[in-house]
Amino acid sequence: RDRRHRRGGLNRARARRPMSDTSPPRPSLWTRARHSGLIAALVIGVAAWGSGRLLQQHERDSHAETLRQLVRPGDLKLISSTSCLFCTRARQYLTEQRIPFEECFIERDSACLAEYRARGAAGTPTVLVRGQARLGFDPGQVAETLAAAR
């Protein structure tokens, strides 16, 4: 016979369980989760998250369309910092959506730094919308400012 049989290697698990044990096998993790409603909760959560993301994307697209219609060259200027993540995101958004804008960097341009200080800006990006300064970039707020200035 095989060596494993002599040492009891293959039969150890069987030997430990009494033969009179007739209890049904323990349900699998999947079965327990399904019965506990965990799967339903997970599906609902993912669906809610996905629909929220769709709404955000729709809102973002509608703001982009509004901005493309309202912004003229010279209307929008970003006063940025080279190390500012929010400046990078604003730049990417405006570039991807093909919205005309100007940008200057306070570390590279002394005139930009002087304008930043003269406006008493509290951080970057400082967005100038037809000369009105706003801290941070929010496409919806920029659209509202442009629409009100018409």
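Above this text is the structure in question.
A brief look at the structure comes next. (Residues numbered from 1 in each chain as written. Predicted model: local features only at pLDDT ≥ 70, side-chain atom pairs only at ≥ 80, totals over all residues. Heavy atoms only, no water.)

1. Remarks on the nonpolar core
(1) Moving on: Within the largest apolar cluster, 16 residues are counted, with the highest numbers of intra-cluster contacts made by Leu 67, Leu 76 and Val 142.
(2) Moving on: Of all the elements in the fold, those that place two or more residues in this core are helix H4 (38–70), strand S1 (76–80), helix H5 (85–96), strand S3 (126–129) and helix H7 (139–148).
(3) Moving on: Filtering out sequence-adjacent residues up to four positions away, Leu 67 remains in contact with Tyr 93, Ile 99, Pro 139, Val 142, Ala 143 and Leu 146.
(4) Moving on: Grouped together as the second largest cluster of nonpolar side chains are 6 residues, Ile 79, Ile 106, Tyr 116 and Leu 128 included. (Core = buried A, V, L, I, M, F, W, Y, C linked by side-chain atoms within 4.5 Å. Buried < 20%, exposed > 50% of the residue type's maximum accessible area, 1.4 Å probe, protein only. Helix = DSSP H or I, 4+ residues; strand = E, 2+ residues; numbered from the N terminus. Contact = heavy atoms within 4.5 Å.)

2. Focus on unusual backbone geometry
(1) Moving on: In this chain, Thr 124 is followed by Pro 125 through a cis amide linkage whose omega measures -5 degrees.
(2) Moving on: One non-glycine residue, Arg 130, lies in the positive phi region at around 50 degrees.
(3) Moving on: Here Arg 130 lies in the loop between S3 and strand S4 (132–135).
(4) Moving on: Judged by its relative accessible area of 35%, Arg 130 falls in the partly exposed class.

3. Side note on the sheet that holds S3
(1) Moving on: Spatially, 4 strands are ordered S2-S1-S3-S4 in an open sheet, and the strand pairing comes out mixed. Every other strand in the sheet has two partners, leaving strand S2 (102–105) and S4 as the edge strands with one partner each. Within this sheet the neighbouring strands show an average axis-to-axis angle of 20 degrees, counted without direction.
(2) Moving on: Where S1 meets S3, 4 bridges bridge the pair, whose relative direction is antiparallel. Considered in S3, the bridge of Lys 77 is made with Leu 128.
(3) Moving on: Contacting S1 and S2, H5 crosses the sheet at an angle of about 155 degrees to S1.
(4) Moving on: Relative to S1, helix H6 (residues 110–118) is tilted by about 95 degrees, and along the sheet it contacts S1, S2 and S3. (Pairing = 2+ DSSP bridges. Axes fitted to C-alpha atoms, helices over the stretch in contact; angles between N-to-C directions.)

4. Considerations on H7
(1) Moving on: Every buried residue of H7 is listed here: Pro 139, Gly 140, Val 142, Ala 143, Thr 145 and Leu 146.
(2) Moving on: The N-cap residue of H7 is Asp 138: its side-chain oxygen and the backbone nitrogen of Gly 140 are 3.0 Å apart. (Polar contact = N/O pair within 3.5 Å; in protein donor to acceptor, adjacent residues only side chain to side chain.)

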